Amino acid sequence: MPVTRDLVAVRAHLDDAVDRNLQEYGDENSDAKEAKKHMACKVILYNKRRGREFIKSTRDEIEIALRERDAAPAHEIEEVTENLSPIEKHLSKVMKLIRLKGKQGKAAPVLLQADDLKLLKFLSKDETCKHEKYMFQSSMKFPMRSHILLGQLTSELPMLKKPDAIRATALRKYMA
């Protein structure tokens, strides 16, 4: 089990990284690869059960989810939120909710902070990534793997007490 202090440190690091990425997109000095890694890690941490589905989504599926986000009728949003845990229901009131195509074609809710949603919109329009099938694509033309991303992230943060516990949590979800 990850140490809470470690998760808080990782979250603070990712919040700062996303802020830097947004500022770089404003200055047009963006590095889409780094921004995608930070974005993916943040989604994995916030969406314990659905982070992998988000990363495995194609660019087109994410763009459709972004377009449909504001156009969804209220009853469809209520149907999606019924499947959320109590903490996820609370977070969905504070955060932004998008719906991606999940297993068996059902809607998979993914929670994002406002800055994350803004960065995701920038990434969906980034010219350097237009030819890629997946929004979060590895160099081998497959979706990035959450346990590898979190492993890289935790290796960048020497102050963590149990960095392997964060990576192992994502690895267990990946192997399930």
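Residues numbered from 1 in each chain as written. Predicted model: local features only at pLDDT ≥ 70, side-chain atom pairs only at ≥ 80, totals over all residues. Heavy atoms only, no water.

Draft legend 1. Seen up close, the packing of helix H2 (residues 32-46) against helix H8 (residues 146-156). Contact geometry of H2 with H8 gives a least axis separation of 10 Å together with a crossing angle of 110°. For the element pair H2 / H8, the angle class is roughly perpendicular. Across the interface between the two elements, Lys37, Ala40, Cys41, Ile44 and Leu45 of H2 pack against Ser146, Leu149, Leu150, Gln152 and Leu153 of H8. For the contact of H2 with H8, a count of residues per class yields seven nonpolar, two polar and one charged. (Axes fitted to C-alpha atoms, helices over the stretch in contact; angles between N-to-C directions. Helix = DSSP H or I, 4+ residues; strand = E, 2+ residues; numbered from the N terminus. Parallel < 35°, antiparallel > 145°, perpendicular 65-115°, else oblique. Contact = heavy atoms within 4.5 Å. Nonpolar A, V, L, I, M, F, W, Y, C, P; charged D, E, K, R; others polar.)

Draft legend 2. Spatial organisation of the pattern of salt bridges. For the structure shown, the criterion picks out five salt bridges. For Arg11, the salt bridge goes to Asp15, with nearest N and O atoms at 3.6 Å. Of this pair, Arg11 and Asp15 both sit in helix H1 (residues 4-27), separated by four residues, roughly a single helical turn. Given the relative accessible area of 39%, Arg11 is considered partly exposed. The residue Asp15 makes a salt bridge to Lys42 at a minimum N-O spacing of 2.6 Å. (Salt bridge = Lys/Arg side-chain N within 4 Å of Asp/Glu carboxyl O. Buried < 20%, exposed > 50% of the residue type's maximum accessible area, 1.4 Å probe, protein only.)

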